[in-house]
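Given next are the chains, with one letter for each unit.
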Amino acid sequence: MKQHLKAELWDKTQYFLSNFYDRMMHYAMFYEGDLNLETMRDAVKYIVDRVPTLHSQYITSFIKPYWNVREDYTKEELVSEETVEDLDKAVREFLLGEIHHLDKLQIRAKIFKCGSKCAYACIINHQCFDGSDFKYVQYKIVEAYNALIKTGSCENVEVKQGRRDFKQLYERMEPNAAKRAKTLYNNASKMGLKKPFKFTDDAGVSKRFITKMIDAETFNKMKAKGKAVGATINDVLLTAFFRAYVKEAGLEKTDTVGITSMMDLRRHFADKKSSEGCTNMTAFMPCKLDGIGESFKDTLDKVLANNNKQKEDDCVGLYGIPLLALGYKLFVLDGLATFVIKLGYENPLVQMSNLGIVKHEDVDFEGCKVYDAYITGAVKYKPYMQLTCLSLDGQMKLCIAERCSDKDEKLVLDFLDDIIKEIKQFGEE
């Protein structure tokens, strides 16, 4: 008997946003050491078996889309292996792949080996869940692998398998905040900003991961200086992002400019725990400035005023969610609902996502120690762009995953250099 899962709010929204990005989430860890293919296959299958969307087809019915759960898959289909000469190049090429929503598996993983080093890389359809649960699933794969190596079994590894619906958010909030959150119909996605990054009009584009590293000394100075003035790492990053963006987008310092950060809505759970199942529970936290001012301090003061005000709001990130849900509810046919929602939804031109710190205890497989990492959301299509930040061993990697031309890549690299320059100057002041 076929098993179907209901397509939830962000499952459907992620699908219709396919015009703006490739809808994949990308993950790779590079190790000193060696990974065992069969153990990895057993570990990945153990986790995938317990997360139904990972072994389902997304059926785009005009009436009601749904997940068609498949059981006819093997561990060999989940993970492959290859010995390569250039580890970084091979991993990047793998991460550029895509999974079709009608494929029976929404996850693809591979081990790469190169001398005494190896890498584990994985892509997953963003419709399955958000970045928070993306990391959760990867960490559970590590936990299962290590249990197999140590004990020969991973049956004691617990994997959440509960509800995926959005209603659990309101049910687990403080009652007064939940009551207010359900009335927030104003659309947080609309900032009315039309000035994009100065991408070229080049037609010869391809997907690529454009990266730069903030070294440990610069990162520590940024963190210390930020703490001294009451700013978080996110506040400082966002400030540097604003200043570099104004320069590279050809804006005036007095122009209104906005950057949208991604927010994990699980922060609103009263018990501060995870969602019941692996799902999408994310939202936008916009930051709109009426000019950036002359100095880094001028911009930082404006960012702090905006962010601190939002942090005091017990419904931050929840604006527009009821409007999105209402669109699907009012129009019985999901195809019509999607059309109407597209008319009112504004995909942010510029976004930032800080994925936090990669801890060795979460990602180190038995006998392997991580030395480099990639974790990014979807590859954006110009003029849309997103900066993703990831910290490992005291350093921070900046990544912009973009479908663009060679000339565009050079522009993005200059942009990342500008961000790092702003951060260095701030740390030295």
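This is a predicted model, so every value here is computed, not measured.

Regarding the pattern of salt bridges
By the definition in use, this model includes 42 salt bridges. Here R172 makes a salt bridge to D271, at a shortest N to O gap of 3.2 Å. Linking R172 in the loop between α6 (167-171) and α7 (175-181) with D271 in the loop between β9 (256-264) and β10 (282-290), this pair joins segments that are 99 residues apart in sequence. Through salt bridges with shared partners, a single network forms among D130, D133, K160, D264 and R266.

Let's talk about the nonpolar core
Judged by nonpolar contacts, the single largest core of 71 residues is most densely connected at Y245 and I419. Ranked by the residues each element gives to this core, the list is headed by helix α9 (residues 233-248), at 9 residues. Beyond its immediate chain neighbours, meaning those up to four positions away, Y245 contacts K195, P196, F197, L251, V257, V350, M385 and F415. Ranked by size, the runner-up nonpolar core spans 53 residues in total, among them A43, I124, C154 and A373.

Things to note about the packing of aromatic side chains
According to the stated counting rule, one finds 19 aromatic pairs in the structure shown. With centroids separated by 5.1 Å and ring planes inclined at 65°, the aromatic side chains of Y58 and W67 adopt a geometry described as edge-to-face. The burial state of Y58 is the same as that of W67; both residues are buried. Arranged with centres 4.8 Å apart and planes meeting at 65°, the rings of F197 and F199 form a pair that is edge-to-face. Like F197, the residue F199 is buried in the burial classification. Feature note: the residues Y27, Y31, Y120, F134, Y145 and F365 constitute an aromatic cluster, connected by ring pairs. Over the ring of Y46 we find R50; its NZ or CZ atom is 3.6 Å from the centre of that ring. Looking at K117, its charged tip hangs above the ring of Y371, at a distance of 4.9 Å from the centre.

Looking at the environment of A283
In this structure, A283 sits in strand β10. Distance in space between the C-alpha atoms of A283 and L37 is 37 Å, their sequence separation being 246 residues. Dropping the residues within four chain positions of it, A283 is found in contact with S261, M262, M263, L265, G317 and I321.

Some thoughts on unusual backbone geometry
The residue after K382, namely P383, is reached through a cis peptide bond having omega 15°. Among the secondary structure elements, P383 is positioned in the loop between β13 (380-381) and β14 (385-392). A positive phi is found at R23, a non-glycine position, where the angle reads about 65°. Residue position: R23 is located in the loop between α1 (9-16) and β2 (24-32).

Rules behind the numbers
Residues numbered from 1 in each chain as written. Predicted model: local features only at pLDDT ≥ 70, side-chain atom pairs only at ≥ 80, totals over all residues. Heavy atoms only, no water. Salt bridge = Lys/Arg side-chain N within 4 Å of Asp/Glu carboxyl O. Helix = DSSP H or I, 4+ residues; strand = E, 2+ residues; numbered from the N terminus. Core = buried A, V, L, I, M, F, W, Y, C linked by side-chain atoms within 4.5 Å. Buried < 20%, exposed > 50% of the residue type's maximum accessible area, 1.4 Å probe, protein only. Contact = heavy atoms within 4.5 Å. Phe/Tyr/Trp six-rings, centres within 6.5 Å; stacked < 30°, edge-to-face > 60°. Lys NZ or Arg CZ within 6 Å of the ring centre and 35° of its normal.

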